[in-house]
Amino acid sequence: MRPLDPRLLRYAAGARWFFAAGAVLAALQTVLTIAFAWSLSQAIVGVVEGRSLAELRTEILVFAGTTIARLVVTWASGSVSIRGAARVKSELRSRLYRAIGRLGPAWSAGRSSAGLTVLGTRGLDALDDYFGKYLPQLILTVIATPVIVAVMFWQDVLSGVFVVVTLPLIPVFMVLIGWATQSVQRQQWDTLSELSGNYLDVLGGLSTLKSFGRAERQLTRIRVVTERYRVATMKVLRTTFLSGFALELGASLSVALVAVGVGMRLVAGDIGFGPALFVLLLAPEAFLPLRNVGTNFHAAAEGVTASEDVFAILDEAADAADATATAVHPGGGPSSAATAPAGLEFHDVGVSYDGTTVLSGVSARFAPGRVGVLTGPSGSGKSSLISTLLGTVAHDGVLTLDGSPLPSGPGERPWLAWSGQRPGLISGTVADNVSLGEASVDPDRLTRALALAQLDGWDADRECGVAGSLLSGGQAQRVAVARAFYRALRPETRVLVLDEPSSALDHETERRLAASITELAAGGLVVIVASHRRRLRDIADVELALTPAVAKR
Ligand SMILES: Nc1ncnc2c1ncn2[C@@H]1O[C@H](COP(=O)(O)OP(=O)(O)OP(=O)(O)O)[C@@H](O)[C@H]1O
């Protein structure tokens, strides 16, 4: 773990504010520490020399003032840390979620959703200790330690030399401890991610496991990973305690060496009582911030490990955005926008998954106001062709809308409305599901979309349950289709794509849905429906038949 990852400053503006405020407070703290040690040593020397309280008024006032000011600065520093952590966490969290959105469903399909959830929640929460305990001490080390050591040199060169010689022992200990910690901390974090992934899998498949009488077996799997997590956590704790002990011992011995040296020279009369006491009071303060950096290193490590994973995702999203920006050439493409016929065109489109080609050389045009139907046996690539429109798969060839090339990566597609083979419902009402992604519900559009999806008369406040668990298969499918219709009814939508919209419907409902699709197309939309069903093929103005691996018009 690096003491400070520069990406933190790049990705979280809150961190810059935190460092600026932390540096001011650390400078104040340094001045107050020196003033405190000076006033205390002068007051004690004065008492020993038999001066009256009235004569020592300045020293006592400075001592009282610095004590109160140190309390205030400590409070302010705590407050800055908490606010800094909250700001940075919130910034990183929103950047993380935006990056996941930008990377798109194809990217997240290859990741454990539980792992991503733990990263965005508990992982980033662990940054509290990084900001609350570790970074303030790191800033203080950079600012206070050199100043205090310089003051010690000025007061007593030999004590200064002692500190300069022994101080590097602490960073050496820390580097050694850092090496030992890095792998155990990573192991603990990886096991936690695996545990959450396993747990989610088991919960998701619990009803299936129960019906096959296999639920109990999963207990063993969870137990094994939990045990691995316990062992990894105990390893981290052992390293934490041992390294804390080593650092305390190193720092205490170093201060003791300074004290013994000063004491012997005081007895021999080589140093005055005043400077000796001042140097003795300052010595622990020179070591303290560095020692605290070491002991808080472990508390901070989990947050830092998690933030490294967050930065990796943010970097990946930035690279993907660059790639998309270079891949899109507005106005270029196979046919220029001025001369191109209106509509959606696929030019020599191909899709491969891990080197296996599932589509190649697909060229077709879908005109506005017409219904295009994609047909072909299961696995022939209908959904894959639709995914090229959604930007969720990499593809060869070019897609154009009214002659302008469409972006191929993830990103916003205001011109597109889509419903997939799986309803993908969220926990909430019918209105929440249908208007998903929009800040407010347009009641007229909602009523029209529900009617077109054969849900007329439905209460928009009806609860759908988790993943549509309170609805029948056909009802959930119609809510998902209503979502696409709701979006298709916006003026900016140009293309409506429905992947198997009627697979769970009875014949009569399917017939009425087919009429709705024709009605929407008549409004000027490009409509593409992937379906095996005869009733939907019957409404096709154009049919694109795909065959496995090789596609043809
Ligand atoms: N993410 C993926 N990774 C690897 N292979 C995939 C992926 N998605 C689809 N495939 C493969 O691509 C081929 C085409 O799948 P696709 O889902 O596009 O077919 P389809 O025509 O829509 O099928 P269906 O009618 O059953 O929905 C299949 O052989 C499938 O196994």
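Thresholds applied
- Sequence order as written defines residue numbering, which begins from 1 separately in each chain.
- The model is predicted, so local features are restricted to residues of pLDDT at least 70 and side-chain atom pairs to those at 80 or more, both for listing and for counting; the totals for chains, interfaces and linings are taken over all residues.
- The way it works is that DSSP assigns letters per residue, a run of H or I at least four long becomes a helix, a run of E at least two long becomes a strand, and they are numbered from the N terminus.
- Counting other C-beta atoms within 10 Å of a residue's C-beta gives its exposure: the residue is buried at 20 or more, exposed at 12 or fewer, and partly exposed in between, where C-beta atoms are placed from the backbone.
- By the convention adopted here, residues make contact when the C-beta atoms placed from their backbones lie within 7 Å.
- Whether two strands pair depends on DSSP finding at least two bridges between them.
- UniProt positions are given in the numbering used here, feature names are shortened, and annotations may be inferred rather than shown by experiment.
- Expected span of a helix, by definition, is 1.5 Å for each gap between consecutive residues, and there is one gap fewer than residues.
- Here, a nonpolar core denotes buried Ala, Val, Leu, Ile, Met, Phe, Trp, Tyr and Cys residues that are linked to one another through C-beta atoms within 7 Å.
- To decide nearness, the C-beta atom of each residue is placed from the backbone, and the residue is near a molecule or strand if that atom lies within 6 Å of it.
- Basically, the charged four are Asp, Glu, Lys and Arg, the nonpolar ten are Ala, Val, Leu, Ile, Met, Phe, Trp, Tyr, Cys and Pro, and anything else, Gly included, counts as polar.
- Structural elements are reduced to axes, namely lines fitted to C-alpha atoms, with helices fitted over the stretch in contact, and the angle between N-to-C directions of any two is expressed from 0 to 180 degrees.
- Each angle is binned into one of four classes, with values under 35 degrees roughly parallel, values over 145 roughly antiparallel, values of 65 to 115 roughly perpendicular, and all other values oblique.
- For any pair of crossing helices, the crossing counts as left-handed if the nearer helix is rotated counterclockwise from the farther one by less than a right angle, and right-handed if it is rotated clockwise.

Once that is clear, we can look at the overall build of the protein chain. In terms of regular secondary structure, the protein chain is built from 16 helices and 9 strands. Each of the 553 residues in the protein chain was classed as buried or not, and the buried ones make up 38%. Long-range pairs, those at least 24 residues apart, make up 81% of the contacts in the protein chain between residues at least 6 apart in sequence.

This part covers the sheet that holds strand β2 (residues 356–366). An order of β2-β1-β4-β5 is seen for the 4 strands of this open sheet, with the pairing classed as antiparallel. Strands with a single pairing partner mark the edges of an open sheet, and in this sheet they are β2 and β5 (404–405). In the sheet, strand β4 (residues 396–401) pairs with β5 via 2 bridges, with the strands oriented antiparallel. Note on β5: the bridge partner recorded for Thr400 is Pro405.

Before going further, it helps to spend a moment on helix α11 (residues 382–390). Burial analysis of α11 places 7 of its 9 residues in the buried class, which makes it a mostly covered element. At the exit of α11 stands Gly391, carrying a positive phi of roughly 80°.

According to UniProt, the feature "transmembrane region" (unreviewed entry) maps to residues 17–40, 60–86, 134–154, 160–180 and 236–260 in the numbering used here. Across residues 17–40, helical content stands at 100% and strand content at 0%; the span's end C-alpha atoms are separated by 34 Å. The span residues 134–154 is 100% helical and 0% strand by assignment, and the distance between its end C-alpha atoms comes to 30 Å.

With that out of the way, let us pick up the environment of Gly411. Secondary-structure assignment places Gly411 in the loop between β5 and β6 (416–419). A sequence separation of 309 residues divides Gly411 from Arg102, and the C-alpha atoms of the two residues are 5.8 Å apart.

Our focus in this paragraph is helix α2 (residues 13–48). Taking 1.5 Å per residue as the helical rise, α2 with its 36 residues ought to reach 52 Å, and the 53 Å between its terminal C-alpha atoms agrees with that figure. Looking one or two residues past α2, Gly50 carries a phi angle of roughly 85°, positive in sign.

This paragraph deals with the nonpolar core. Judged by nonpolar contacts, the single largest core of 71 residues is most densely connected at Val88, Val279, Leu282, Ala283 and Val310. Excluding residues that lie within four positions of it along the chain, Leu282 makes contacts with Ala37, Ile148, Val151 and Met152. With 59 residues, the next largest nonpolar core counts Leu452, Ala453, Val529 and Leu544 among its residues.

This brings us to the site of the ligand. Taken together, Tyr353, Val358, Gly376, Ser378, Gly379, Ser380, Gly381, Lys382, Ser383, Ser384 and Gln421 are the residues near the ligand. Per-element accounting of the shell around the ligand gives the leading share, 3 residues, to α11. Residue classes in the shell around the ligand are distributed as 2 nonpolar, 8 polar and 1 charged.

This part takes up the packing of α2 against helix α5 (residues 127–155). One can describe the packing of α2 onto α5 by two numbers: an axis separation of 9 Å at closest approach and a directional angle of 45°. When the axis of α2 is compared with that of α5, the two are oblique. Seen from above, α2 lies across α5 with right-handed handedness. Contact residues: Phe18, Phe19, Gly22, Ala23, Ala26, Ala27, Gln29, Thr30, Thr33 and Ile34 in α2; Phe131, Leu135, Pro136, Ile139, Leu140, Ile143, Ala144, Val147, Ile148 and Val151 in α5. Among the residues making up the contact of α2 with α5, the classes are represented as 16 nonpolar, 4 polar and no charged.

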